[in-house]
Amino acid sequence: MENKQITERLFALRKAMREEGIHYYMITSADCHGSEYVHDHFRARAYFSGFTGSNGTLLVGEQEAALWTDGRYFLQAEEQLAGTGIALMRMQEKGVPTVEEYLEEKLQTGEVLGFDGNCVSAKQGEKLEQICRKKQAGIRCETDLSDIAWPDRPALPCGNVWELSEEYAGESCRDKLREVRSVMEKEGVDCLFLSGLDDIMWLFNLRGGDIECNPVALSYAFVGREHCTLFLQKKAAKDISFAHFGVDIEEYGTLFDWIDRKFASEDRKNLRIWASGESLSYRLMRIFSGKSELILKESPTELLKAIKNEVELSRSREAYLRDSAALCKFIYWLKRHIGKEEITEISAADKLEEFRRQVPGFLDLSFTTICGYADNGAIVHYAADENSNRRLEPEGMVLVDSGGQYIGGTTDVTRTIVLGDVTEEERRIFSFVAAAMLRLSEAEFLEGATGRNLDILARQDLWKNHLDYKHGTGHGIGYILNVHEGPQRISWQYRGEMKEYALRAGMLISDEPGMYLAGKFGVRTENILEVVKEEENEYGTFLGFRHLTWVPIDREALDKRFLTAEDVDRINAYHRTVRERILPFMGEDEQAWLIEATAEL
């Protein structure tokens with residue numbers, strides 16, 4: 001059946017394309033800062049395609065249209081694109097071209113590729129530029145066609161900006177600037193331009209409210225050797241001032257005029273400016289390249305931010321303990337009420353949020369809760385809505401991936417919860433996934449190892465059974481910032497364009513293997529781990545992991561037939577610690593349940 005809403009929106013977009021002389025128009029998921037999660041103002045790709053996942057690129061031609069997304073969203077995209085006329089391109093699958101390869105094949109001499117240069121990264125923009133040059137095609141990146149074809153587009157956000165005190169940040173803005181400038185000096189650059197919102201918030205010890213679940217504010221920063229300029233929406237940052245140590249605040253919307261003034265003189269062409277090719281927009285790259293020497297490489301703030309200081313680590317441990325207790329209370333409530341009252345995916349997620357709101361220091365969720373019952377659990381990043389919302393029944397399992405933002409940390413945890421009878425297949429898969437998570441968590445490795453060296457510890461038994469999950473095993477976690485943070489990650493796949501980073505003591509990283517059987521069920525078990533130093537000897541420095549998450553793994557689906565003796569020992573040891581740490585937070589009836597839920601296998 002035709003999706004008339006989306007086909008009408010595509011009709012309006014194609015009309016604007018013809019009027020502007022554009023033959024192909026590309027819309028990414030990003031905002032002007034390369035953010036993964038964005039405000040509604042920047043959700044043009046979702047508006048024109050109907051696909052609401054966090055990662056995807058829409059390419060619209062005069063007749064055809066295609067959307068690229070990764071393995072987390074294949075099932076969701078297939079459902080949401082039905083009837084739109086948009087072809088689904090499953091990224092990294094055999095025979096599926098990349099956006100660039102598709103354009104290289106389709107784009108004809110004299111045709112024009114259009115996109116909003118503010119919302120395409122410098123890195124991707126350079127690739128598109130090379131293709132257009134090769135095909136003798138033109139590029140139009142100055143006009144955002146969404147402004148023309150999206151009549152009720154939401155306005156830019158302007159949430160309150162507030163300072164994070166050193167009591168919680170653990171380090172002053174002045175000291176962080178000193179660290180960054182030290183790296184700049186070693187690299188021989190004059191200026192660092194920051195456009196990644198979490199990098200800016202971290203550096204200046206600020207937090208904001210411009211993106212749901214992500215406490216960041218629309219901003220840019222220009223850091224010189226002695227002075228820097230911070231661009232914020234001033235009405236949102238009335239109480240913010242850094243004048244006492246050389247930081248000027250300019251209006252967010254004046255950035256381009258400021259650059260024109262600042263770089264008007266000829267001597268500015270000798271300046272060496274450092275910026276991230278991932279978060280710097282293609283438009284800004286072109287502007288800076290015409291006015292100075294631009295060096296595109298990972299920002300120094302990325303690694304500095306990823307290695308948490310002692311205050312951040314201590315606060316995070318406490319936040320995860322209390323967050324784990326809130327999830328335990330929810331699981332107890334769900335198991336006692338299932339089948340006795342109507343509970344849906346949405347109402348269950350709302351109830352879990354109620355428990356989190358009772359935790360001291362709660363600010364917001366860290367992302368929209370994923371609550372997928374039965375076959376909806378097989379959609380990796382499922383989002384329940386009015387049409388898909390399922391009633392939970394006292395049978396099968398529900399996958400709940402959730403987290404909170406607290407004054408003291410950002411949390412992320414997944415548990416697959418048994419609601420009633422489960423099949424042997426569900427037990428088998430559930431047991432494999434639980435064992436995989438705990439095997440990886442016990443890894444010890446030499447400093448210098450990357451996540452790619454360790455991923456096999458989670459996947460090995462799944463691969464032996466010719467099973468796999470189409471997502472990474474681990475991502476970094478922010479501190480009162482984005483729930484997904486780089487540069488560390490755990491994934492088996494080599495990608496030449498993606499730089500790998502060694503794991504370092506002080507980093508936080510998720511450990512989240514899963515299995516998803518389309519049309520049946522999904523299982524994921526996720527803990528957050530702290531990277532710690534284990535020992536230093538003549539062979540080097542050995543690192544390991546410590547759990548931050550303390551939530552039972554549902555014993556009702558664990559089956560010793562599918563576990564080794566070592567797996568059983570790991571589960572029992574983990575559950576003993578869960579019981580010890582979480583019991584003090586639970587009421588009398590909850591304590592009785594927790595003792596049973598953590599009993600030895």
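Residues numbered from 1 in each chain as written. Predicted model: local features only at pLDDT ≥ 70, side-chain atom pairs only at ≥ 80, totals over all residues. Heavy atoms only, no water.

## Brief notes about the sheet that holds strand β17 (residues 397–402)
Item 1. Within the open sheet, the three strands sit side by side as β16-β17-β20. Their pairing is antiparallel. Edge strands, defined here as strands with exactly one partner in the open sheet, are β16 (370–373) and β20 (413–418). In this sheet, neighbouring strand axes are inclined to one another by 10° on average, regardless of whether the strands run parallel or antiparallel.
Item 2. Of the strand pairs in this sheet, β16 and β17 are connected by four bridges, and their pairing is antiparallel. The partner of Tyr 373 across the bridge, within β17, is Val 398.
Item 3. Sitting on the sheet, helix α13 (residues 310–337) is in contact with β17 and β20, with an inclination near 20° to β20. (Pairing = 2+ DSSP bridges. Helix = DSSP H or I, 4+ residues; strand = E, 2+ residues; numbered from the N terminus. Axes fitted to C-alpha atoms, helices over the stretch in contact; angles between N-to-C directions. Contact = heavy atoms within 4.5 Å.)

## Looking at the packing of helix α18 (residues 565–582) against helix α19 (residues 588–597)
Item 1. Viewed as axis vectors pointing N to C, α18 and α19 meet at an angle of 165°, and their least axial separation amounts to 9 Å. Our classification of the angle between α18 and α19 gives roughly antiparallel. Judged by the twist between their axes, the crossing of α18 over α19 is left-handed. Residues His 575, Val 578, Arg 579 and Ile 582 of α18 form the contact with α19, whose participating residues are Leu 594, Ile 595 and Ala 597.
Item 2. Along the lines of polarity and charge, the residues of the contact of α18 with α19 split into five nonpolar, one polar and one charged. (Parallel < 35°, antiparallel > 145°, perpendicular 65-115°, else oblique. Left-handed = near helix turned anticlockwise from the far one by under 90°. Nonpolar A, V, L, I, M, F, W, Y, C, P; charged D, E, K, R; others polar.)

## A look at the nonpolar core
Item 1. In this structure, Phe 330, Leu 334, Leu 392, Val 398, Phe 445, Phe 545 and Ile 582 are the most contacted members of the largest nonpolar core, which totals 88 residues.
Item 2. Per element, the largest residue contribution to this core is eleven residues, and it comes from α13.
Item 3. If we ignore the near neighbours within four places in the chain, the residues touching Val 398 are Leu 334, Cys 371, Gly 372, Tyr 373, Leu 392, Arg 415, Thr 416, Ile 417 and Leu 419.
Item 4. Of all hydrophobic cores here, the second largest spans 75 residues; its members include Met 201, Ile 211, Ile 273 and Met 285. (Core = buried A, V, L, I, M, F, W, Y, C linked by side-chain atoms within 4.5 Å. Buried < 20%, exposed > 50% of the residue type's maximum accessible area, 1.4 Å probe, protein only.)

## Some thoughts on the packing of helix α10 (residues 255–262) against helix α11 (residues 282–289)
Item 1. One can describe the packing of α10 onto α11 by two numbers: an axis separation of 11 Å at closest approach and a directional angle of 10°. For the element pair α10 / α11, the angle class is roughly parallel. In this structure, α10 contributes Leu 255, Phe 256 and Ile 259 to the contact, and α11 contributes Arg 283, Leu 284, Ile 287 and Phe 288.

## Here's the deal with α11
Item 1. If you check which residues of α11 are buried, you get Tyr 282, Leu 284, Met 285 and Phe 288. The buried residues of α11 occupy an angular sector of 160° when projected down its axis, which confines them to one face. (Arc of directions from axis to C-beta.)

## Thoughts on the domain arrangement of the chain
For interface size, the figure often reported is the accessible area lost on association.
Item 1. Per the domain assignment, the segments making up the chain are domain 1 (1–149), domain 2 (162–305) and domain 3 (307–598).
Item 2. Domain 1 and domain 2 are separated by 29 Å when their C-alpha centres are compared.
Item 3. Contact residues are listed per partner, giving 21 residues for domain 1 and 21 residues for domain 2.
Item 4. Around 1,600 Å² of area is buried between domain 1 and domain 2 when both sides are counted, 54% of it from carbon and sulfur atoms.
Item 5. Among the residues domain 1 hides against domain 2, the three largest losses belong to His 33, Asn 118 and Ala 122. Together they make up 36% of the total.
Item 6. Here domain 1 and domain 2 share two salt bridges between them.
Item 7. Between Lys 123 and Glu 278 there is a salt bridge; the shortest N-O distance is 3.0 Å.
Item 8. Scanning the region where domain 1 abuts domain 2 turns up eleven residue pairs in polar contact (both at pLDDT 80 or more). (Domains from an automatic or database assignment. Buried area = accessible area lost by both parts, 1.4 Å probe. Salt bridge = Lys/Arg side-chain N within 4 Å of Asp/Glu carboxyl O. Polar contact = N/O pair within 3.5 Å; in protein donor to acceptor, adjacent residues only side chain to side chain.)

## Focus on the side chain of Asp 567
Item 1. Looking at the secondary structure, you find Asp 567 in helix α18.
Item 2. For Asp 567, a relative accessible area of 2% gives the class buried.
Item 3. Filtering out sequence-adjacent residues up to four positions away, Asp 567 remains in contact with Ala 435 and Arg 439.

## Details of the pattern of salt bridges
Item 1. Under the defined criterion, the tally for this structure stands at 49 salt bridges.
Item 2. Notably, a salt bridge pairs Lys 305 with Asp 198, separated by 3.3 Å at the nearest N-O pair. Note that Lys 305 is positioned in helix α12 (residues 300–306) and Asp 198 in helix α9 (residues 197–204), a separation of 107 residues in sequence.
Item 3. Overall, the relative accessible area of 13% leaves Asp 198 in the buried class.
Item 4. The salt bridge involving Glu 530 is made with Arg 317; its shortest N-O contact spans 2.9 Å. One end of the pair, Glu 530, is in strand β27 (residues 527–537); the other, Arg 317, is in helix α13, and 213 residues separate them in sequence.

## Focus: the sheet that holds strand β18 (residues 404–406)
Item 1. Strands sit in the order β15-β18-β19 across an open sheet of three strands; the sheet is antiparallel. The open sheet has two edge strands with one neighbour each: β15 (362–365) and β19 (409–410).
Item 2. As paired elements, β15 and β18 share three bridges and run antiparallel to each other. From the neighbouring strand, Leu 365 faces β18, where its bridge partner is Gly 404.
Item 3. Seen against the sheet, helix α14 (residues 345–357) touches β15 and β18 and runs at an angle of roughly 160° to β15.

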